[in-house]
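An overview of the molecular structure
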Amino acid sequence: MKTVYAFLADGVEEVEALMVIDLLKRTKKLNVVMVSVKEELMVEGSHGIKFFADKNMDEVDFDMGDCIFLPGGAVGTENLANCRELTEQIIKYNEQGKWLTAICAAPSVYGRLGLLKDKKATSYPTFAEQMNCKEYGGAVVTDGNYITAKGLGVALELGLEMISQLVDEATSGMVADQIQYI
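1. Thoughts on a negative patch on the surface
Together, Glu39, Glu40, Asp58, Glu59 and Glu85 make up a region of like negative charge exposed at the surface. Position of Glu59 relative to the elements: it lies in the loop between β5 (55-56) and β6 (67-70).

2. Structural notes on unusual backbone geometry
Positive phi outside glycine occurs at Asn132, with the angle close to 50°. Mapped onto the elements of the fold, Asn132 is located in the loop between β8 (120-121) and β9 (135-136). Asn132 sits in the partly exposed class, given a relative accessible area of 45%. Of note, Gln180 is a non-glycine position whose phi angle comes to about 65°, a positive value.

3. Section: helix α6 (residues 169-178)
Those residues of α6 that fall on the buried side of the exposure criterion are Thr171, Ser172, Val175 and Ala176. Taken down its axis, α6 places every buried residue within 140° of arc, on the same side. Along α6, the residues that are exposed and aim more than 90 degrees away from the buried face are Glu169, Ala170 and Asp177. Residues of α6 that are buried in the fold lie against α1 (14-26) and α5 (155-166). Two to three positions downstream of the cap, the backbone nitrogen of Ala170 sits 3.3 Å from a side-chain oxygen, assigning the N-cap of α6 to Asp168. Positive backbone phi, at 65°, marks Gln180, one or two positions downstream of α6.

4. A word on the nonpolar core
One broad rule of soluble globular proteins: the nonpolar side chains tend to lie buried together. Leu8, Leu24, Phe69, Leu158 and Met162 are the most contacted members of the largest nonpolar core, which totals 32 residues. If you list the elements that add at least two residues to this core, you get β1 (2-8), α1, β2 (30-36), β6, β7 (99-103), β11 (146-149), α5 and α6. Excluding anything up to four places from it in sequence, Leu24 contacts Val4, Leu30, Val32, Gly159, Met162 and Ile163. Counting 26 residues, the second-largest nonpolar core is a separate cluster that includes Phe62, Leu115, Ala121 and Met131.

5. With respect to the packing of aromatic side chains
Taken as a whole and judged by the stated rule, the model has four aromatic pairs. On the numbers, 6.0 Å between centres and 5° between planes, the contact of Phe7 with Phe62 is stacked. On the criterion of sequence distance, the pair formed by Phe7 in strand β1 and Phe62 in the loop between β5 and β6 is long-range, its members being 55 residues apart. The burial state of Phe7 is the same as that of Phe62; both residues are buried. Note on Tyr110 and Tyr146: the rings are 5.5 Å apart at their centroids and 70° apart in plane angle, and the pair reads as edge-to-face. Note that Tyr110 is positioned in helix α4 (residues 107-112) and Tyr146 in strand β11, a separation of 36 residues in sequence.

Scoring rules and cut-offs
Residues numbered from 1 in each chain as written. Predicted model: local features only at pLDDT ≥ 70, side-chain atom pairs only at ≥ 80, totals over all residues. Heavy atoms only, no water. Patch = residues over 30% accessible without salt bridge, like charges linked within 9 Å, V, L, I, M, F, W, Y side chains within 5 Å. Areas by Shrake-Rupley, 256 points an atom, 1.4 Å probe, with all protein chains shown as cover. Salt bridge = Lys/Arg side-chain N within 4 Å of Asp/Glu carboxyl O. Lys, Arg positive; Asp, Glu negative; His and termini not counted. Charge placed at Lys NZ, Arg CZ, Asp CG, Glu CD. Helix = DSSP H or I, 4+ residues; strand = E, 2+ residues; numbered from the N terminus. Buried < 20%, exposed > 50% of the residue type's maximum accessible area, 1.4 Å probe, protein only. Arc of directions from axis to C-beta. Contact = heavy atoms within 4.5 Å. Polar contact = N/O pair within 3.5 Å; in protein donor to acceptor, adjacent residues only side chain to side chain. Core = buried A, V, L, I, M, F, W, Y, C linked by side-chain atoms within 4.5 Å. Phe/Tyr/Trp six-rings, centres within 6.5 Å; stacked < 30°, edge-to-face > 60°.

The structure is reproduced here in structure tokens:
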């Protein structure tokens, strides 16, 4: 069973995080761990909604992971980008060809690290200049070990694409049917 680490920081866009996490958990074929980038497990989203991560950074064995997922939100993205341990692990995951996924503002973390130079990618439009990618645009874009998404409006599609890539198309279709996605 593959493990997805979903990183949460204060200021995260709640629906982007929880929509994708919910869909991945529905597969029952992925181990999804919500990780707080601060000591506290409680995270406050960009709209004041509070929820709890499963673990904090100190409790994660990054070697056991197969995918990093970064949800957006402008403030949340800055908090993720400022977490040195996370950015170091992102670079290691890239070197190992492990999955790196993000939505909205968060793909800019990969862009600022210089990891998208040879990739097609997307983000929330106001972050386009920070992407530093080969080709920019689209709703949900998969290129190599990267899956990026434009914003909240395509969070569902991002989750289904992650399932297609991390598990298989049939499981993605099964989850789409369960949630009545047409």
